[in-house]
Amino acid sequence: MPKLMIALDVLNREEALKIVSEIKDYIDAVKVGYPLVLSSGLEIVEEIKKICDREVICDFKVADIPETNRKIAEIALKYADGIIVHGFVGEDSVKAVQEVAKKLNKKVIMVTEMSHPGAIQYMQPIANELAKMAKKLKVDAIVAPSTRPERLKEIKDIAKLPVMTPGVGYQGGKIEEIINILDENDYVIVGRSIYQSENPKDVAKKFKEKLYKNKTK
């Protein structure tokens, strides 16, 4: 059964910690991006880990020259278990992050194709090549869209790496349409459907149950 990851893109430290405390029994990992980190500081990663003892990934989609990428990774990976980077900037920029991560025994996750409609315009035409690059570089995982199951399958088949797949819930991705593409090394990412709900705990539980029920069919 794939793992469930919460994309915790709230803007308030107290709200973030409250949600994590409520849903910790039903999630396997937490993804934090710039919205939460810029509003609360990188220390929020440590606070989340203390509450739920789960893997925390910094979704910074790092996309700069190697030296800048290296500096960002050195700061973020003091706190997080992994960091998400863009691959379109080239192998050297991804390798710079990998070098930092290797020393700290942390993960590097590389974006191939994002889940929003705009990704079709420029990312999709090169996504398969990015998947090949991810395989060559042996990154720890890739990002590919649940909103386009056929693309998720194609990219995963090319890269032959664990996948973190965003877009389930608000963006229209459906667990039923992707579950048979995924395995126990993959992560299904759900954000707003959980953290914007009136009862995040119940919704997280339902997503976890849905993963289990659909995978065992």
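That block above? That's the structure.
Residues numbered from 1 in each chain as written. Predicted model: local features only at pLDDT ≥ 70, side-chain atom pairs only at ≥ 80, totals over all residues. Heavy atoms only, no water.

Participant: Help me out: how do you make sense of unusual backbone geometry in this one?
Facilitator: Note: most residues except glycine have negative phi, and most peptide bonds are trans. Despite not being glycine, Asp-53 has its phi angle at roughly 50°, a positive value. Looking at the secondary structure, you find Asp-53 in the loop between α3 (43-52) and β3 (55-62). With a phi close to 40°, Lys-61 is a non-glycine residue in the positive phi region. Following the sequence through the fold, Lys-61 ends up in strand β3. (Helix = DSSP H or I, 4+ residues; strand = E, 2+ residues; numbered from the N terminus.)

Participant: Please explain the pairing of strand β1 (residues 3-7) as it appears in this structure.
Facilitator: The two faces of the sheet receive side chains in turn, since in a regular strand these alternate between them. Within β1, 4 of the 5 residues are buried, which leaves the element mostly enclosed by the surrounding structure. Between β1 and its parallel partner strand β2 (residues 29-33), the chain crosses via helix α1 (residues 13-23), and the hand of that crossover is right-handed. (Buried < 20%, exposed > 50% of the residue type's maximum accessible area, 1.4 Å probe, protein only. Right-handed = clockwise from strand over helix to strand, strands pointing away.)

Participant: What is the right way to look at α3 in this model?
Facilitator: Each α-helix turn comprises 3.6 residues. Residues three or four places apart therefore point the same way. For α3, every residue scored as buried is listed here: Ile-44, Val-45, Ile-48 and Cys-52. The buried side chains of α3 occupy one side of the element, clustering within an arc of 105° when seen end-on. Contacts from the buried residues of α3 go to α1, β2, α2 (34-40) and β3. Just downstream of α3 lies Asp-53, where phi reads positive at about 50°. (Arc of directions from axis to C-beta. Contact = heavy atoms within 4.5 Å.)

Participant: What's the story with the packing of helix α5 (residues 91-104) against helix α7 (residues 124-137) in this structure? I'm lost.
Facilitator: Packed helices, taken two at a time, are described by their axes: the angle between them and the distance between them. One way to put it is that α5 packs onto α7 with a least axis distance of 11 Å and a crossing angle of 40°. With respect to α7, the axis of α5 lies oblique. Like other packed secondary-structure pairs, α5 and α7 cross with a definite hand, here right-handed. Within the contact between the two elements, α5 uses Glu-91, Val-94, Lys-95 and Gln-98 and α7 uses Met-133, Lys-136 and Leu-137. In terms of residue class, the contact of α5 with α7 is made up of 3 nonpolar, 1 polar and 3 charged. (Axes fitted to C-alpha atoms, helices over the stretch in contact; angles between N-to-C directions. Parallel < 35°, antiparallel > 145°, perpendicular 65-115°, else oblique. Left-handed = near helix turned anticlockwise from the far one by under 90°. Nonpolar A, V, L, I, M, F, W, Y, C, P; charged D, E, K, R; others polar.)

Participant: Teacher, can you tell me more about the side chain of Lys-31 here?
Facilitator: Assignment of secondary structure puts Lys-31 in strand β2. Within polar-contact distance, the side chain of Lys-31 engages the side chain of Asp-59 at 2.7 Å. Not counting residues within four places of it along the chain, the set of residues in contact with Lys-31 comprises Met-5, Ile-6, Ala-7, Leu-8, Ile-57, Asp-59, Ile-84 and Ile-189. (Polar contact = N/O pair within 3.5 Å; in protein donor to acceptor, adjacent residues only side chain to side chain.)

Participant: Would you mind showing me how to read the environment of Asn-214 here?
Facilitator: With respect to the element layout, Asn-214 can be found in helix α11 (residues 200-215). Residue classification places Asn-214 among the buried positions, given a relative accessible area of 11%. The spatial distance from the C-alpha of Asn-214 to the C-alpha of Asn-180 is 8.3 Å, given a sequence separation of 34 residues. Not counting the four nearest positions on each side in its chain, Asn-214 is found in contact with Ile-175, Glu-176 and Ile-179.

Participant: Can you walk me through the sheet that holds β1 in this structure?
Facilitator: Strand order around the closed barrel formed by 8 strands is β1-β2-β3-β4-β5-β6-β7-β8, with parallel pairing between neighbours. In this sheet, neighbouring strand axes are inclined to one another by 30° on average, regardless of whether the strands run parallel or antiparallel. Looking at chain direction, β2 and β3 are connected through 5 bridges and run parallel. The residue of β3 that forms the bridge with Lys-31 is Ile-57. Across the sheet, helix α4 (residues 66-76) is in contact with β3 and β4 (82-86); its angle to β3 comes to roughly 160°. (Pairing = 2+ DSSP bridges.)

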